[in-house]
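Fold and contact review
Residue-level listing of the chains:
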Amino acid sequence: MIQKLISSADTGRIIKEGFKIAIVGKPNVGKSSLMNALLKENRAIVTDIPGTTRDTIVEDITIKNIPVKLIDTAGIHDTEDAVEKIGIEKSKESFNEADLVLLILDCSQPLSAEDEKIIDTVGNRKALVLLNKTDLGMVLDENSLYEKMPNAIFIRTAVKEGIGINDIEKEIENLVYNGQVKQSGNTFITNVRHTNLLVSAKSALDDAINMIRLGEALEFIEIDVKRTFEFLGEIVGETVSDSIIDEVFSRFCLGK
Ligand SMILES: Nc1nc2c(ncn2[C@@H]2O[C@H](COP(=O)(O)OP(=O)(O)OP(=O)(O)O)[C@@H](O)[C@H]2O)c(=O)[nH]1
Ligand SMILES: [Mg+2]
């Protein structure tokens, strides 16, 4: 039970804060177009001028009933522009903090050095990779991409035409429900402190169980059981009095 609660910690955080998805890629690949398509409104400015989005844009939405924090970022590339630099730093931060990275590549153009750098950063991470602008033709070598990002899920899209949006939503749903963030039961832990206390409680309880197996003296086992109660008590705001512990152990002692 304690283990189940610990496993649900991520789900709890997601319910509270939303599943964080960062849309990343070099300039002009269609990041803001995707943001708008998922939001179903023209929230972010879209133009054919690279470097249109200069600051991150965060919107809370629900995708298939999953609360999602969607982050549109400034296109990552080398620049000397001071404002753009700050925006790109923020893009990198969003990349690092995201539950899921959604990388967009323009599949109608060969990979650029900028794409390669971002692909290297994705590496083995679980990511959704959109091969966007399929309406303009496919020049990218897909096989080489699969090798470079072995844990990524690839989707062909033409965001401007609304093609592939459903597939993206379905994959996000699959990732949340079938991945590590799968929910178990209805109890969610939404607090890091609670998760840590549960981990401590489980470890104290495991110690107690081990000592029982080893046939250690009850006095020693009692210490670990008491610690378990105390950790759990801190979560619900109750302290365990000695009398409860004494009562539990008096029952054990009967058989002594
Ligand atoms: N042909 C085609 N054009 C697209 C597609 N998706 C986006 N575009 C166009 O590509 C251009 C750039 O789109 P944005 O969504 O602004 O790209 P971005 O990645 O946000 O760009 P930055 O903010 O500059 O980093 C716009 O002219 C879009 O209309 C697509 O699937 N096909
Ligand atoms: Mg943009």
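Residues numbered from 1 in each chain as written. Chains lettered and ligands numbered in written order. Predicted model: local features only at pLDDT ≥ 70, side-chain atom pairs only at ≥ 80, totals over all residues. Heavy atoms only, no water.

The protein has the name tRNA modification GTPase MnmE in an unreviewed UniProt entry, where bioreactor metagenome is given as its organism.

Attention shifts here to the coordination of the magnesium ion (ligand 2). Summarising the metal site, the magnesium ion (ligand 2) is bound by the protein donors Ser 32 (OG) and Thr 53 (OG1), whose distances to it range over 2.0 to 2.1 Å. One end of the pair, Ser 32, is in helix 3 (residues 31-39); the other, Thr 53, is in the loop between helix 3 and strand 2 (57-63), with 21 residues separating them in the sequence. Relative accessible area serves as the criterion here: at 7%, Ser 32 is assigned to the buried category. Owing to a relative accessible area of 14%, Thr 53 belongs among the buried residues under this scheme. (Donors = N, O, S within 2.8 Å, 3.2 Å for Na, K, Ca; no water. Helix = DSSP H or I, 4+ residues; strand = E, 2+ residues; numbered from the N terminus. Buried < 20%, exposed > 50% of the residue type's maximum accessible area, 1.4 Å probe, protein only.)

Another aspect to go through is the nonpolar core. Within the largest apolar cluster, 27 residues are counted, with the highest numbers of intra-cluster contacts made by Leu 34 and Ile 168. The element contributing the most residues to this core is helix 7 (residues 165-178), with 5 residues. (Core = buried A, V, L, I, M, F, W, Y, C linked by side-chain atoms within 4.5 Å.)

Attention shifts here to the side chain of Glu 84. Position of Glu 84 among the secondary structure elements: in helix 4 (residues 82-97). Buried and unpaired, Glu 84 has no salt bridge, with Arg 54 as the nearest side chain of opposite charge at 4.8 Å. Among all residues touching Glu 84, those that are not within four sequence positions of it are Gly 51, Arg 54, His 77 and Thr 79. (Lys, Arg positive; Asp, Glu negative; His and termini not counted. Salt bridge = Lys/Arg side-chain N within 4 Å of Asp/Glu carboxyl O. Contact = heavy atoms within 4.5 Å.)

It is worth spelling out the site of ligand 1 at this point. Of all residues adjacent to ligand 1, which total 23 residues, the nearest are Lys 31, Ser 33, Gly 51, Thr 52 and Thr 53. Contacts to ligand 1 include Ser 33, whose side-chain N or O atom sits 2.6 Å from an oxygen atom. With respect to ligand 1, the side chain of Thr 53 contributes an N or O atom lying 2.8 Å from an oxygen atom. When the free accessible area of ligand 1 is taken as 660 Å², the share hidden by the protein chains comes to 93%. Taken together, the residues of the shell around ligand 1 break down into 8 nonpolar, 10 polar and 5 charged. (Near = heavy atom within 4 Å. Polar contact = N/O pair within 3.5 Å; in protein donor to acceptor, adjacent residues only side chain to side chain. Areas by Shrake-Rupley, 256 points an atom, 1.4 Å probe, with all protein chains shown as cover. Nonpolar A, V, L, I, M, F, W, Y, C, P; charged D, E, K, R; others polar.)

Attention now goes to unusual backbone geometry. The backbone of Lys 40 sits at a positive phi, close to 65°, despite the residue not being glycine. Residue Lys 40 is classed as exposed on the basis of its relative accessible area, which comes to 61%. With phi around 70°, Lys 133 is a residue other than glycine that occupies positive phi space. On the secondary structure map, Lys 133 appears in the loop between strand 5 (127-132) and helix 6 (142-148).

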